[in-house]
Amino acid sequence: MAVQISPSILAADFARLADEAAAVPNADWLHVDVMDYHFVPNLTLGLPVVESLRKATDKPLDCHLMIAEPDRWAPQYAEAGAGSVTIHAEAARAPVRTLREIRALGARAGLALNPATAVEPFEDLLGEVDMLLLMTVEPGFGGQKFLDVVLPKVRRARELVDRHGGRVWLQVDGGVTGETIERCAEAGADVFVAGSAVFGASDPMAAVDTLRAAAERAGS
Ligand code: DX5
Ligand code: ZN
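Only a predicted model underlies this, so the values are computations on that prediction, with no experimental measurement involved.

**Section: the pairing of strand S6 (residues 131-135)**
Link 1 in the chain: Within S6, five of the five residues are buried, leaving the element largely enclosed by the surrounding structure.
Link 2 in the chain: Pairing of strand S5 (residues 108-113) with S6 involves four bridges; the strand directions are parallel. Along S6, the bridge assignment pairs Ala112 with Leu133.
Link 3 in the chain: Summarising the sheet, S6 and strand S7 (residues 169-173) pair through five bridges and their orientation is parallel.

Now the structure itself:
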């Protein structure tokens, strides 16, 4: 299980996104939080910014859509060149169709679950997804406290994924720091989103290395 680190630009300087992307050359992905004031009580950015960012960095974009109509918009993020597009189970009306569209457009398809959403009902959908995102805070804002209550679900998700061949990546997002990342890795997560812990650090590149080392230690 290879550890991957996906720094969230939600904690970066939005006026200098290209520079911020260049500050984490050792990251595996750039996590892009799309919020629409409807699915979550916050607003961030949309397609035009993703299209510009795509040209401004070689880093693959990991687009996390916290929006009310993912079925309508998700394919366009794949068309815009996102390497991965994640939709929320709570918002999608036709998740199978939308996940298939994302894949057909050449991106990895992700399915995200809020802290209170159980993973078991989605077992039959595992063949349709490349990544499960388990939120470890309520979505909407960076800098929140990690919710330990989600860890048993991470363990159960790891068991489900392994039972189905272990191909699906297991991402955690929210409150991931040098301290909490160990618990996530130990529970079975392998892709780690971190906003404040990377872009809030004085040396974002060193922060990525530190997070990766902690996750590798705990997950092995
Ligand atoms: C929250 C977003 C996260 C956020 C994480 O809704 O989905 O990606 O940027 O920020 P931190 O790492 O600061 O909790
Ligand atoms: Zn996110």
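**Digging into the site of ligand 1**
Link 1 in the chain: Near ligand 1 there are 20 residues, and of these Ser8, Gly140, Asp173, Gly195 and Ser196 occur at the shortest range.
Link 2 in the chain: Between an oxygen atom of ligand 1 and a side-chain N or O atom of His31, the distance comes to 3.3 Å.
Link 3 in the chain: Contacts to ligand 1 include Gly195, whose backbone N or O atom sits 2.7 Å from an oxygen atom.
Link 4 in the chain: Compared with its free state, where it exposes 380 Å², ligand 1 has 99% of that area covered by protein.
Link 5 in the chain: Elements represented by at least two residues in the shell around ligand 1 include exactly strand S2 (30-35), strand S3 (61-66) and strand S8 (191-194).
Link 6 in the chain: Looking at which element gives the most residues to the shell around ligand 1, the answer is S2, with three residues.
Link 7 in the chain: Counted by class, the shell around ligand 1 contains eight nonpolar, ten polar and two charged residues.

**Quick notes on helix H6 (residues 180-187)**
Link 1 in the chain: Of the residues making up H6, those classed as buried are Thr180, Ile181, Cys184, Ala185 and Ala187. Seen end-on, H6 carries its buried residues on one side only, within an arc spanning 160 degrees.
Link 2 in the chain: If you follow the buried residues of H6, they end up packed against strand S1 (4-7), helix H5 (151-163), S7, S8 and helix H8 (204-219).
Link 3 in the chain: Once H6 ends, the next one or two residues include Gly188, with phi positive near 120 degrees.

**Digging into the coordination of the zinc ion (ligand 2)**
Link 1 in the chain: Taken together, His31 (NE2), Asp33 (OD), His64 (ND1) and Asp173 (OD) make up the protein donors of the zinc ion (ligand 2), found 2.1 to 2.3 Å from the metal.
Link 2 in the chain: Geometry at the zinc ion (ligand 2) is octahedral, judged from its six donor atoms and the angles of 71 to 171 degrees they form at the metal.
Link 3 in the chain: Read from N- to C-terminus, the donor residues coordinating the zinc ion (ligand 2) fall into the pattern H-x1-D-x30-H-x108-D. On the criterion of sequence distance, the pair formed by Asp33 in strand S2 and Asp173 in strand S7 is long-range, its members being 140 residues apart.
Link 4 in the chain: Residue class for Asp173 comes out buried when judged on its relative accessible area of 8%.

**Description of the pattern of salt bridges**
Link 1 in the chain: Under the counting rule described, the total for this entry stands at 16 salt bridges.
Link 2 in the chain: The residue Arg156 makes a salt bridge to Glu120 at a minimum N-O spacing of 2.7 Å. Here Glu120 lies in the loop between S5 and S6 and Arg156 lies in helix H5, a separation of 36 residues in the sequence.
Link 3 in the chain: By relative accessible area, which is 35% here, Arg156 ends up partly exposed.
Link 4 in the chain: Among the ionic pairs, Glu123 bridges to Arg163, the shortest N-O distance being 3.6 Å.

Scoring rules and cut-offs
- Residues numbered from 1 in each chain as written.
- Chains lettered and ligands numbered in written order.
- Predicted model: local features only at pLDDT ≥ 70, side-chain atom pairs only at ≥ 80, totals over all residues.
- Heavy atoms only, no water.
- Buried < 20%, exposed > 50% of the residue type's maximum accessible area, 1.4 Å probe, protein only.
- Helix = DSSP H or I, 4+ residues; strand = E, 2+ residues; numbered from the N terminus.
- Pairing = 2+ DSSP bridges.
- Near = heavy atom within 4 Å.
- Polar contact = N/O pair within 3.5 Å; in protein donor to acceptor, adjacent residues only side chain to side chain.
- Areas by Shrake-Rupley, 256 points an atom, 1.4 Å probe, with all protein chains shown as cover.
- Nonpolar A, V, L, I, M, F, W, Y, C, P; charged D, E, K, R; others polar.
- Arc of directions from axis to C-beta.
- Contact = heavy atoms within 4.5 Å.
- Donors = N, O, S within 2.8 Å, 3.2 Å for Na, K, Ca; no water.
- Tetrahedral: all angles 85-135°; square planar, octahedral: opposite > 155°, others 65-115°.
- Salt bridge = Lys/Arg side-chain N within 4 Å of Asp/Glu carboxyl O.

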